[in-house]
Amino acid sequence: MPETLVYHTTPPALLPMYGRTLLPKQKQTGGDVSIPELSASLLGVSTAGKNLKRYQQVCGFAAGSHLPVTWPHVLAFPLHLKLLTEKAFPLPLLGLVHLRNTITQHRPIGTGENLDLSVRLGNTVKSDRGVEFDLITEARSAGKLAWEEASTTLFRQPDGESKSSGKKAPPELERYPNTENFKAPESIGRQYARVSGDSNPIHMHALSAKAFGFPRAIAHGMWTKAHALALLEQQEGWQSGALSVSCQFKKPLFLPGTAQLNWQTGETGWDYQVLNAKGDAPHLTGRIDWL
């Protein structure tokens, strides 16, 4: 297993890593893809600062004594990018698809609390769509695990043998009793990029998104998840302690756009989804479980 890359208080710089995304990777075919066991750590990173306030504003979180549940993902993003731009990582970064994200908050993390972050690649699976793998992130405070995340990413590599089976029909869309509309402005991709460091061109401008086959820029999935949680936190019955928040990313939310947050409450958890303006197709579906 390769040696873990270790950083202290300051993450690796993003600009050189974005430069490496333009370098060609060896073409992957068939079952040739092997995801290496790369890992990196950032020790003693502060959770506070102006960027946190800007993030709260962009995503709609209320300022408070505890962090938004999605904020450690942003703190760990430079480590994610570092692993995905390492020479040993065999896949091109541009074109990877974020499928799912699950965050477990073992306890609320205080604003200004210092964290030790660790990230590794794992759980590689070959599916009929291609190769799937997880970016696994853990956040510890005073040596104790406080927060963890698994982000599942797909490298498209269709299996020729699966074409004959045809596409499966999507499951019937379930509607929940509570709905709130929200707008995603044209600039939200750029706003989110400034506070998260994640400057994927499909989120930035219509012109750059068209280069990747999209008619317009699309909202970042992690902004959509964060904004949905920011709205749900304001609802009666929300529990701010230990929880697990999962989601599956579905159809893109084109910018500018209007969407519906649709949810149902329960004793052990809430189901939620972000639907299109008509309410007949999902951008995101997920579940919150109180722990």
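Above: the structure in question.
Residues numbered from 1 in each chain as written. Predicted model: local features only at pLDDT ≥ 70, side-chain atom pairs only at ≥ 80, totals over all residues. Heavy atoms only, no water.

A. Spatial organisation of the overall build of the protein chain. Counting secondary structure elements, the protein chain contains seven helices and eleven strands. Expected size for 291 residues packed as a compact globule is a radius of gyration near 19 Å; at 19 Å, the protein chain falls within 12% of this value. Counting only C-alpha atoms and orienting by the principal axes, one finds that the protein chain spans roughly 50 × 50 × 35 Å. Burial analysis of the protein chain (291 residues in total) assigns 49% to the buried set. Within the protein chain, residue pairs in contact and separated by at least 24 positions form 73% of the contacts whose partners lie at least 6 positions apart. In the form shown here, the protein chain has an accessible surface area of approximately 14,500 Å², with 53% of it arising from carbon and sulfur atoms. Here the protein chain contributes 30 positive and 25 negative side-chain charges, whose respective centroids are spaced 8 Å apart. (Helix = DSSP H or I, 4+ residues; strand = E, 2+ residues; numbered from the N terminus. Rg over C-alpha atoms; globule rule 2.2 N^0.38 Å. Buried < 20%, exposed > 50% of the residue type's maximum accessible area, 1.4 Å probe, protein only. Contact = heavy atoms within 4.5 Å. Areas by Shrake-Rupley, 256 points an atom, 1.4 Å probe, with all protein chains shown as cover. Lys, Arg positive; Asp, Glu negative; His and termini not counted. Charge placed at Lys NZ, Arg CZ, Asp CG, Glu CD.)

B. Spatial organisation of the pattern of salt bridges. Using the criterion set out here, one finds eight salt bridges in the structure. Salt-bridge contacts for E113 lead to R107; the nearest nitrogen and oxygen are separated by 2.5 Å. When salt bridges that share partners are traced, they join R100, R129 and E132 into one network. (Salt bridge = Lys/Arg side-chain N within 4 Å of Asp/Glu carboxyl O.)

C. Representation of the environment of P24 within the structure. With respect to the helices, strands and loops of the structure, P24 is situated in the loop between α1 (14–20) and β2 (39–46). When the C-alpha atoms of P24 and P92 are compared, they prove to be 7.4 Å apart, with 68 residues separating the residues in sequence.

D. Quick look at a nonpolar patch on the surface. A surface patch of nonpolar side chains, about 290 Å² in accessible area, is lined by L22, L94 and F212. Note on placement: L22 falls in the loop between α1 and β2. The class for L22 is exposed, based on a relative accessible area of 66%. (Patch = residues over 30% accessible without salt bridge, like charges linked within 9 Å, V, L, I, M, F, W, Y side chains within 5 Å.)

E. Layout of the packing of aromatic side chains. Applying the stated criterion across every chain yields a total of eight aromatic pairs. Plain terms: the ring middles of Y55 and F61 are 6.1 Å apart, the flat faces sit at 15° to each other, and that makes the pair stacked. A relative accessible area of 1% means that Y55 is categorised as buried. In this structure F61 comes out as buried when scored by relative accessible area, which is 7%. Taking 6.2 Å as the distance between ring centres and 70° as the angle between the ring planes, the aromatic pair formed by F182 and W223 counts as edge-to-face. Highlighted residues: F182 in strand β7 (residues 178–184) and W223 in helix α7 (residues 221–232), separated in sequence by 41 residues. Each member of the pair, F182 as well as W223, is classed as buried. (Phe/Tyr/Trp six-rings, centres within 6.5 Å; stacked < 30°, edge-to-face > 60°.)

F. Representation of the side chain of Q56 in the model. Inspection of the secondary structure puts Q56 in helix α2 (residues 50–59). Leaving out residues up to four positions away in the same chain, Q56 has contacts with F61, A62, A63, G64 and P68.

G. Spatial organisation of the environment of H73. Note that H73 resides in helix α3 (residues 71–84). Separated by 77 residues in sequence, H73 and A150 have C-alpha atoms that sit 9.9 Å apart. Setting aside chain neighbours within four positions, we find H73 in contact with H80, N101, W147, E149, S151, Y192 and M222. Side chain to side chain, H73 and E149 meet in a polar contact 2.7 Å long. (Polar contact = N/O pair within 3.5 Å; in protein donor to acceptor, adjacent residues only side chain to side chain.)

H. Fine view of helix α4 (residues 188–196). Here α4 lies mainly inside the structure; seven of its nine residues are buried. On its buried face, α4 sits against α2, α3, α5 (201–204) and α7. Residue G197 follows α4 closely and has a positive phi angle near 85°.

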